[in-house]
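Descriptive analysis of the structure
Each chain, written out:
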Amino acid sequence: MRHPRSRTTTTTLLRREAVAAIVPVAVAALLIAAGPATAAGPTGTSGVGDPYFPLAGNGGYHVTHYGLTLGYDPGSRHLTGTAVLTARATQRLTRFDLDFNGLKVTGLTVDHVKAAYKRDGQELVITPKRALRKGERFRVTVTYNGTPGPVTDPDGSLDGWIPTDDGAFVAGEPQGAMTWFPANNHPLDKSAYDFAITVPKDRVAVANGVLLGRRTANGKTTFRWRQTEPMAAYLATATVGKFQVKQYTTRDGLKVYDAVDPREATAAAPVLNKLPSVLEWESKLFGPYPFRAAGSIVDHAPNVGYALETQSRPVYDSAPDLSTLVHESAHQWFGDSVSLTSWKDIWLNEGFATYAEWLYAEQHGGDTAQKTFDALYARPATDGLWAFPPGDPGSGAHIFDTPVYARGAMTLHVLRTAVGDRAFLRILRAWAAQHRYGHGTTAQFERLAERESGKNVGPLLQTWLYGKGKPAKP
Ligand SMILES: [Zn+2]
């Protein structure tokens, strides 16, 4: 997830101190469970049943691949797009939804046949000419254009397509993917992506995965990117700007692509240069790096206020410090490869990425995780850190608040203390391995922690994840 820079004192404090994958069948089952046929007929639901974002995602189908062809003119801020979604129906469908916010739809086909559609808020409701059979593969093509802008999240922050003075900062957590392409916009549905993004030739367009090629003609350059491993829609990016580009291959054979706004270049360089060693260190701790590409996008976007772990290549609103780079890199395992099934479980992303910062500091001459834990634990019971338990933020307005990050990380530290370092690292590695490219829930993590450690840590985790107020000293 994102790493808020400006919101909390905790962030400042932390920075200063600074398993069998859920198979597609299981995902399909969840989607089916979320999308029962209604009395009106077999229609896909308008959401996947997320309590915090009821309209996020859609029931009745699974998108296997997005092909996004985009053109962006930073001067006029006009976007043209064609999205080709390859999907599989998980039930009979006479009608289904995509999430799409704002932009004008100019054409829509299902399997190359014109389909009826209507807009209803963020729902693009599609009625194909003939019903889709359960299990049938189908292709939806949507052409669109307009002036994209971000959505305002329940906590007041912006996400989605955020224009900058030279392009756009594009980061979609939790809702913003639908501001620039029609999507099954929930992490429950993960897909492969291809991007072809055309921008004026003095700009660079950076998406996820591997750069397949770039071609300049008639004053414009088209960048083609491919993200092969499954990706949640919110982790897609198509950030545009005047960027300095650096490409290299690490000694492990990983392709790195860095794009940096020249205004941030001096501050960013020493931190970005550490990316290979950070990924190597994290690979030793968490298991093999999940993706075939890596890199960083460092934009100059002072109105954004956060960074996001966009898959394979995080996007930063300004030059990151080292602990932020460690945080977003750790998300590649925890959040990107292993995804949420519900936004309520957000601590599985943020608690883990924050704890990676603590571990990094501990092993690189900084404070021990114990010292960081103690400093936080010393806060009085009235402190915002204890406002709610990390396993139950209460609503989408609090999923990026301090308890999710700091008490989430404290929960992992309490677990580590209870089971010992060796068992703790075994748990982290097993989590990343067994749920690689899939999903994981808090309940699954608790069971795995007990299984791997052989200890009855469930009650301890319950207290730290769900207990109200400041837990007793462990
Ligand atoms: Zn994060």
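Given the structure is predicted, the values throughout are model-derived calculations rather than measurements. (Residues numbered from 1 in each chain as written. Predicted model: local features only at pLDDT ≥ 70, side-chain atom pairs only at ≥ 80, totals over all residues. Heavy atoms only, no water.)

1. Observations concerning helix 10 (residues 442–453)
Over its 12 residues, helix 10 runs 16 Å from end to end, which matches the ideal 16 Å to within 8%, given 1.5 Å per residue. Every buried residue belonging to helix 10 is among Thr442, Phe445, Glu446, Leu448, Ala449 and Ser453, and all of these are buried. End-on, the buried residues of helix 10 take up no more than an arc of 165 degrees, which puts them together on one face. Facing away from the buried side of helix 10 by more than 90 degrees, the exposed set consists of Arg447 and Arg451. Lining the buried residues of helix 10 we find helix 6 (347–363), helix 8 (402–419), helix 9 (421–434) and helix 11 (458–466). Count one or two residues on from helix 10 and you reach Gly454, which has phi positive near 70 degrees. (Helix = DSSP H or I, 4+ residues; strand = E, 2+ residues; numbered from the N terminus. Expected span 1.5 Å × (residues − 1). Buried < 20%, exposed > 50% of the residue type's maximum accessible area, 1.4 Å probe, protein only. Arc of directions from axis to C-beta. Contact = heavy atoms within 4.5 Å.)

2. Side note on the packing of aromatic side chains
Overall, the coordinates contain 32 aromatic pairs when judged by the stated rule. Seen in terms of ring centroids, Tyr289 and Trp333 are 5.6 Å apart; in terms of plane orientation they differ by 70 degrees. Their pairing is edge-to-face. With Tyr289 in the loop between helix 4 (275–286) and strand 19 (293–298) and Trp333 in the loop between helix 5 (322–330) and helix 6, the pair connects residues that are 44 residues apart, well separated along the chain. Like Trp333, Tyr289 is buried. Look at Phe334 and Phe352: their rings are 5.0 Å apart centre to centre, the planes differ by 50 degrees, and that puts the pair in the tilted class. (Phe/Tyr/Trp six-rings, centres within 6.5 Å; stacked < 30°, edge-to-face > 60°.)

3. Topic: the pattern of salt bridges
Applying the stated rule across the entire model yields 14 salt bridges. With a closest N to O distance of 3.7 Å, Glu452 and Arg426 form a salt bridge. Taken together, the residues span a long stretch of sequence, with Glu452 in helix 10 and Arg426 in helix 9 at a distance of 26 residues. On the accessibility criterion, Glu452 (22% relative accessible area) is partly exposed. For Arg426, a relative accessible area of 38% corresponds to the partly exposed category. Each member of the salt-bridge network shares a partner with another, and the members are Asp165, Asp166, Asp261 and Arg263. (Salt bridge = Lys/Arg side-chain N within 4 Å of Asp/Glu carboxyl O.)

4. Some points on the sheet that holds strand 20 (residues 315–316)
In space, the 4 strands of this open sheet follow the order 17-18-19-20, with mixed pairing throughout. Because the sheet does not close on itself, it has two edges, and the strands there are strand 17 (244–249) and strand 20. In terms of strand pairing, strand 17 meets strand 18 (residues 255–260) through 6 bridges, oriented antiparallel. Counted as the bridge partner of Gln247 is Tyr257 from strand 18. Helix 4 rests against strand 17, strand 18 and strand 19 of the sheet, and its axis sits at about 130 degrees to strand 19. (Pairing = 2+ DSSP bridges. Axes fitted to C-alpha atoms, helices over the stretch in contact; angles between N-to-C directions.)

5. Focus on the coordination of the zinc ion
Coordination sphere of the zinc ion, protein contribution only: His327 (NE2), His331 (NE2) and Glu350 (OE), at 2.0 to 2.1 Å. A relative accessible area of 0% places His331 in the buried class. Take Glu350: its relative accessible area is 0%, and that puts it in the buried class. (Donors = N, O, S within 2.8 Å, 3.2 Å for Na, K, Ca; no water.)

6. A closer look at the packing of helix 4 against helix 9
Interhelical geometry of helix 4 versus helix 9 gives an angle of 100 degrees and a closest axis separation of 8 Å. For the element pair helix 4 / helix 9, the angle class is roughly perpendicular. Counted together, Lys284, Leu285 and Phe286 of helix 4 and Leu425, Leu428, Arg429 and Ala432 of helix 9 form the full contact between these two elements. (Parallel < 35°, antiparallel > 145°, perpendicular 65-115°, else oblique.)

7. Remarks on helix 6
For helix 6, which comprises 17 residues, the first-to-last C-alpha distance of 23 Å matches the rise-based estimate of 24 Å (1.5 Å per residue) to within 8%. With 15 of 17 residues buried, helix 6 is to be regarded as a mostly interior element. Just downstream of helix 6, Gly365 is the residue with a positive phi angle, here 85 degrees.

8. So, unusual backbone geometry
Residue Pro174 follows Glu173 across a cis peptide bond; omega there is -5 degrees. Relative to the assigned elements, Pro174 resides in the loop between strand 11 (168–171) and strand 12 (190–200). A positive phi angle, near 70 degrees, is found at His112, a position not held by glycine. You can see His112 is positioned in the loop between strand 4 (104–110) and strand 5 (113–114). By relative accessible area, which is 65% here, His112 ends up exposed. You will see that Tyr437, though not glycine, has its phi angle at about 65 degrees, which is positive. The residue Tyr437 is located in the loop between helix 9 and helix 10 in this model.

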